[in-house]
Amino acid sequence: MKINYWMYAGPAHIGTLRIATSFKRVHAIMHAPLGDDYFNVMRSMLERKRDFTAVTTSTVDRHVLAQGSKEKVIQNITRKDDETNPDLIVLTPTCTSSILQEDLENFVQRANLSTTSDVVLADVNHYRVNELEAADRTLEQIVVHYLQKLESDTIFQKSKIPSVNIIGVCNLGFHGQHDITELKKLFYDLGIKINLIIPENASVCDLKKLPEAWFNFVPYREIGLLTAKYLQKKYQMPFIADSPIGVTQISKVIKEIEKILVASAYKVSFNKYIQNQTRFICQSAWFSRSIDCQNLIGKTAVVFGDATHAANIARVLTMEMGIKVLLCGSYCQSDTTWFRQEVQSFCDNILISNDQNLVAEQIQNLMPDAIFGTQMERHVAKRLNIPCGVISAPIHIQNFPLGYKPFLGYEGANQIADLIYNSYTLGMEDHLLEIFGGHDTSVIIGKAIESKIGEINWDNEALVQLSKIPKFVRQKVKNKTENFAQSKNISLITLDTLYQAKAS
């Protein structure tokens, strides 16, 4: 079996389940066929969590297709209410089950009459939104549901010392658990108390405490931004949605925090802290000025991922490492305007697309020295023999490391610097690979590099000559020669064709 089309973001119900299972004492009922119930296995395998994944599938089988769900959904809700007694049960349909056009809202209303748990229906359009958009909407929906249960005249008392809500960190995020630990360290150093972290390991009963914080912090734009905007509108709570990825951006975020605290009549200055961390503590700031990092000047890269990570990694590559970003792209089409404004000064080209084949084509045309993307770009990089660092979801189990590898904060800046530097073959290493062949022999070259034009072949003599060309320009020479051959209607490339293409 061959996969012809990959998705960067999963279907909407995966986003809803990511939020529901991140909360404590929340159970999700998924109204779906058996083929859609892979979330349980995915969470258990990737997150390596030892607790039971609180998701039950209300199976859409042939009887449901013929007669409708009738009481099946309600029975599953009341059964889980009796068995696990959760604080909240979230019912989520899928694209498949939505075809039945059943009144699931009515099922929820009827279930609420006989359960001690709250029951809500995930209010997302499963045909129009993807996993990230659904997660963002579901988190906002749950927060609104519990805050609206409070009386309208409730007066919220702000904490005596500066405090923050961290919004949006949930299951199956990219290095999410490590990033939370780093954020806790950062806020502790700044003397800011963490009021709530939602939804990860939070209780829905604690959501009423959200307005007690001085401000909200959204580390990833993809999930949490809607909630932060709601809290700003409803309770006049300021929020920060910039991610502290890279030394430059960390300083900017800390200055934004300082501005919020000063506006709240809390006199503070973090200049000394930023200077101390940048000059003496964080290794990446020193490394970017070292002779080792000078080897990266003139190197090229392609960056692709979610909006948060792609934009910030492009900034690090350009401003902190001196690397030329040929293309920076994202599959988050709903955040196109912000992304374009954020990266337009850091790269030559911008690509907003969820078509993995188009991204692969752009990479093959540009042939950068390195790629920083998702697991999909990693597969493209292997085929083209280009080094690749994974910086964004979608990801594989290897991107849930057991060791401490955050991407946020000062330690995250160190980890990113290591990832970038180690992704390139530099100096003597590159020279030795060319001399001794290393893992890149002429036999492999003839088979590994796929022809862009399927009707054109190479004879052995031309392939041998091609293998002698330095690796960093070999693919460009190959593409140019094939394009030349196609323009001349040449089906077999010989040594003469290679030289004619060079001279053209």
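For the structure, see preceding data.
Peer 1: Can you help me understand the packing of helix H1 (residues 12-22) against helix H7 (residues 131-148) in this one?
Peer 2: What describes two packed helices is the angle between their axes and the distance between those same axes. At a minimum axis separation of 7 Å, H1 and H7 run at an interaxial angle of 45°. Considering their axes alone, H1 and H7 lie oblique with respect to each other. Our pair here, H1 against H7, has a crossing hand that is right-handed. Here Ala 12, Ile 14, Gly 15, Thr 16, Arg 18 and Ile 19 of H1 come into contact with H7, specifically with Glu 131, Leu 132, Ala 134, Ala 135, Thr 138, Leu 139 and Ile 142. Its residues assigned to classes, the contact of H1 with H7 shows 8 nonpolar, 3 polar and 2 charged.

Peer 1: What's the story with H7 in this structure? I'm lost.
Peer 2: Working note: α-helix, 3.6 residues per turn, so residues spaced by three or four point in the same direction. With 18 residues, H7 extends 26 Å from end C-alpha to end C-alpha; this agrees with the ideal 26 Å at 1.5 Å per step. Within H7, 14 of the 18 residues are buried, leaving the element largely enclosed by the surrounding structure. Backbone nitrogen of Leu 132 and a side-chain oxygen of the N-cap are separated by 3.1 Å at the start of H7; the cap is Asn 130.

Peer 1: What should I look at first to understand the sheet that holds strand S7 (residues 215-217) in this one?
Peer 2: Each strand in a sheet pairs with another by means of backbone hydrogen bonds, the pair being arranged parallel or else antiparallel. The 4 strands lie next to each other as S6-S5-S7-S8, forming an open sheet whose pairing is parallel. The open sheet terminates on both sides in strands that have one partner only, identified here as strand S6 (193-199) and strand S8 (239-240). The pairing of strand S5 (residues 163-169) with S6 spans 6 bridges and is parallel. Looking at the pairing, Asn 165 lines up with Leu 196 of S6.

Peer 1: What is the right way to look at the pairing of strand S11 (residues 347-352) in this model?
Peer 2: Every other side chain in a regular strand lies on the same face of the sheet, so the side chains alternate between the two faces. Two strands pair when backbone bridges link them, and strand S10 (residues 324-330) and S11 are joined in this way by 5 bridges, in the parallel orientation. Residue pairing across strands places Cys 328 opposite Ile 350, the latter belonging to S11. With helix H15 (residues 336-343) bridging S10 and its parallel neighbour S11, the resulting β-α-β unit is right-handed.

Peer 1: Help me out: how do you make sense of the sheet that holds strand S13 (residues 388-390) in this one?
Peer 2: Taken in spatial order, the 5 strands make up an open sheet running S11-S10-S9-S12-S13, and their pairing is parallel. Of all strands in the sheet, those bounded by a partner on one side alone are S11 and S13. Taking the axes of each pair of neighbouring strands and ignoring which way they run, one obtains an average angle of 15° across the sheet. Bridging between strand S12 (residues 370-373) and S13 involves 3 bridges; their strand directions are parallel. Opposite Ile 371, over in S13, you have Cys 388 as the bridge partner. Taken strand by strand, H15 contacts S10 and S11, and its axis lies near 170° from that of S11.

Peer 1: Honestly, helix H6 (residues 104-112) in this entry has me stumped. Any pointers?
Peer 2: Listed in full, the buried residues belonging to H6 are Leu 104, Phe 107, Val 108 and Ala 111. Down the axis of H6, the sector holding all buried residues measures 100°, keeping them to one side. On the buried face of H6, the contacting elements are strand S1 (26-32), helix H4 (72-84), strand S3 (88-93) and strand S4 (118-121).

Peer 1: Help me out: how do you make sense of the packing of aromatic side chains in this one?
Peer 2: Here the distance between the centres and the angle between the planes together describe a pair of aromatic rings. Per the stated rule, a full pass over the model turns up 11 aromatic pairs. Ring plane angle 50° and centroid distance 5.2 Å describe the contact between Tyr 8 and Phe 304, whose orientation is recorded as tilted. Taken as a pair, Tyr 8 in the segment before H1 and Phe 304 in strand S9 (residues 300-305) lie far apart in primary sequence, 296 residues in all. The residues Tyr 8 and Phe 304 share a single accessibility class, namely buried. Note on Tyr 273 and Tyr 410: the rings are 6.3 Å apart at their centroids and 70° apart in plane angle, and the pair reads as edge-to-face. Residue Tyr 273 is located in helix H11 (residues 271-281), and its partner Tyr 410 is located in helix H18 (residues 409-422); the two are separated by 137 residues in the primary sequence. Look at Tyr 273 and you get buried, because its relative accessible area is 16%.

Peer 1: Is there a simple way to explain the pattern of salt bridges in this structure?
Peer 2: Side chains bearing opposite charge may pair, as long as their charged atoms lie close to each other. Tallying each qualifying case throughout the model produces 15 salt bridges. The salt bridge partner of Arg 43 is Asp 51, with a shortest N-O separation of 3.3 Å. When its relative accessible area of 2% is taken as the criterion, Arg 43 is described as buried. For Asp 242, the salt bridge identified is with Lys 252, shortest N-O distance 3.7 Å. Of the two residues, Asp 242 sits in the loop between S8 and helix H10 (247-263) while Lys 252 sits in helix H10, which places them 10 residues apart along the sequence. Among the charged side chains, a salt-bridge network with shared partners connects Arg 79, Lys 80 and Glu 83.

Each value, and the rule that gives it
Residues numbered from 1 in each chain as written. Predicted model: local features only at pLDDT ≥ 70, side-chain atom pairs only at ≥ 80, totals over all residues. Heavy atoms only, no water. Axes fitted to C-alpha atoms, helices over the stretch in contact; angles between N-to-C directions. Helix = DSSP H or I, 4+ residues; strand = E, 2+ residues; numbered from the N terminus. Parallel < 35°, antiparallel > 145°, perpendicular 65-115°, else oblique. Left-handed = near helix turned anticlockwise from the far one by under 90°. Contact = heavy atoms within 4.5 Å. Nonpolar A, V, L, I, M, F, W, Y, C, P; charged D, E, K, R; others polar. Expected span 1.5 Å × (residues − 1). Buried < 20%, exposed > 50% of the residue type's maximum accessible area, 1.4 Å probe, protein only. Polar contact = N/O pair within 3.5 Å; in protein donor to acceptor, adjacent residues only side chain to side chain. Pairing = 2+ DSSP bridges. Right-handed = clockwise from strand over helix to strand, strands pointing away. Arc of directions from axis to C-beta. Phe/Tyr/Trp six-rings, centres within 6.5 Å; stacked < 30°, edge-to-face > 60°. Salt bridge = Lys/Arg side-chain N within 4 Å of Asp/Glu carboxyl O.

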